[in-house]
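Per-entry structural report
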Amino acid sequence: RCEGRVEISHSAGQGTVCDNNWDLRDAQVVCRQLGCGSAVAVTSSSSFGQGSGSIYLDDVNCTGSESSLFQCGHRDWGSHNCSHSEDAGVVCSETMLLTPPGSPLPMCQGGSNMWCAGSWDVAISLVNGRNRCEGRVEIWHSGSWGTVCDDGWDLSDAQVVCRQLGCG
């Protein structure tokens, strides 16, 4: 099942979402954005463990129909009145496929530059591009970001990454 602490990967690094006013409508948007079905439950008080780094969003206020968490109302980016003991989490209805047979890369269905940590602790991101659908491929695994070696890298590999990130 897709579940875990909600984290955001941003050019400035990784950060979390504060649980102030966090509800099922907010979780619904996260689950949809990650391609994980519908929200089953929300968690608060860092039930999936405390994050580290920045707290990017606080007082998130979604209607539940948004396609991205960034379309929801919230305090200014990086403005918050909480600590990592208040990191928000979600439990979604579907499973996130991480390593399909024959695939060398972790895989997150749907998605964008949003990712969650919890029982998987892997993510893929594009960095230093002009938009979210171009850039250097980086993988979050075992607690740190790393790059992907280009030995044998070809258009087929790039197409998989683009599909994973919802970029066509």
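Residues numbered from 1 in each chain as written. Predicted model: local features only at pLDDT ≥ 70, side-chain atom pairs only at ≥ 80, totals over all residues. Heavy atoms only, no water.

Cut-off, in case you're wondering: UniProt positions are given in the numbering used here, feature names are shortened, and annotations may be inferred rather than shown by experiment.
Under an unreviewed UniProt entry, the name given to the protein is DMBT1 protein, and the source organism is Catharus fuscescens. Of the protein, the UniProt comment under Subcellular location (unreviewed entry) reads exactly: "Membrane".

1. Points about the overall build of the protein
Put simply, the rule is: Here a helix means four or more residues in a row that DSSP labels H or I, a strand means two or more in a row labelled E, and each is numbered from the N terminus. Working definition: with a 1.4 Å probe on protein chains only, accessible area under 20% of the residue-type maximum means buried, over 50% means exposed, and in between means partly exposed. Per-residue and other accessible areas follow the Shrake-Rupley method at a 1.4 Å probe size, with only the shown protein chains counted as cover for residues.
Each helix and strand counted, the protein has two helices and nine strands in total. For the protein, the α and β elements follow one another from N to C terminus as β-β-α-β-β-β-β-β-β-β-α. Across the 168 residues in the protein, those meeting the buried criterion constitute 43%. For the protein, the computed accessible surface area is about 8000 Å², with 47% contributed by carbon and sulfur atoms.

2. A short note on helix 2 (residues 155-164)
Heads up, the condition is: Pairing of N or O atoms within 3.5 Å defines a polar contact, subject to two protein rules: one partner must be a possible hydrogen donor and the other a possible acceptor, and residues neighboring in sequence count only if both atoms are side-chain atoms.
If you check the start of helix 2, you find a side-chain oxygen 3.1 Å away from the backbone N of serine 156, and it comes from aspartate 154. Glycine 166 sits one or two residues past helix 2 and shows a positive phi near 70°.

3. Section: the pattern of salt bridges
Where we set the bar: Note on definitions: salt bridges are taken to be side-chain nitrogens of Lys or Arg within 4 Å of carboxyl oxygens of Asp or Glu.
By the definition in use, this model includes five salt bridges. Residue arginine 75 pairs with aspartate 58 through a salt bridge whose shortest N-O separation is 3.6 Å. Here the residue arginine 75 occupies a position in the loop between strand 4 (54-57) and strand 5 (89-92), and aspartate 58 occupies one in the loop between strand 4 and strand 5, the gap between them amounting to 17 residues. On the basis of relative accessibility, which here comes to 0%, the residue aspartate 58 falls in the buried class. Residues arginine 136 and glutamate 138 are paired through a salt bridge, measuring 2.6 Å at the closest nitrogen-oxygen approach. Put simply, Asp58, Asp59 and Arg75 are held in one network by salt bridges that share partners.

4. Quick look at helix 1 (residues 24-33)
Where helix 1 is concerned, the buried positions are Asp26, Ala27, Val29, Val30, Cys31 and Gln33. Positive backbone phi, at 70°, marks glycine 35, one or two positions downstream of helix 1.

5. Description of the confidence of the model for the protein
Interpretation of the predicted coordinates at a detailed level should be avoided for regions scoring low in pLDDT. Stated precisely, the cut-off is as follows: Every residue gets a pLDDT, meaning the predictor's confidence in that residue, from 0 to 100. Whether two residues touch is decided by their heavy atoms; if any such pair falls within 4.5 Å, the residues are in contact.
With 80% of its residues at a pLDDT of 70 or more, the protein has an overall mean of 77. Per-element confidence in the protein is highest for strand 4, whose mean pLDDT is 92, and lowest for strand 6 (residues 114-118), whose mean pLDDT is 35. Contacts from residues 97-120, a stretch scored under 50 in pLDDT, to residues over four places away or in other chains number 83 contacts.

6. Thoughts on the environment of cysteine 167
Relative to the elements of secondary structure, cysteine 167 occurs in the segment after helix 2. On the accessibility criterion, cysteine 167 (21% relative accessible area) is partly exposed. Not counting residues within four places of it along the chain, the set of residues in contact with cysteine 167 comprises Arg132, Cys133 and Cys162.

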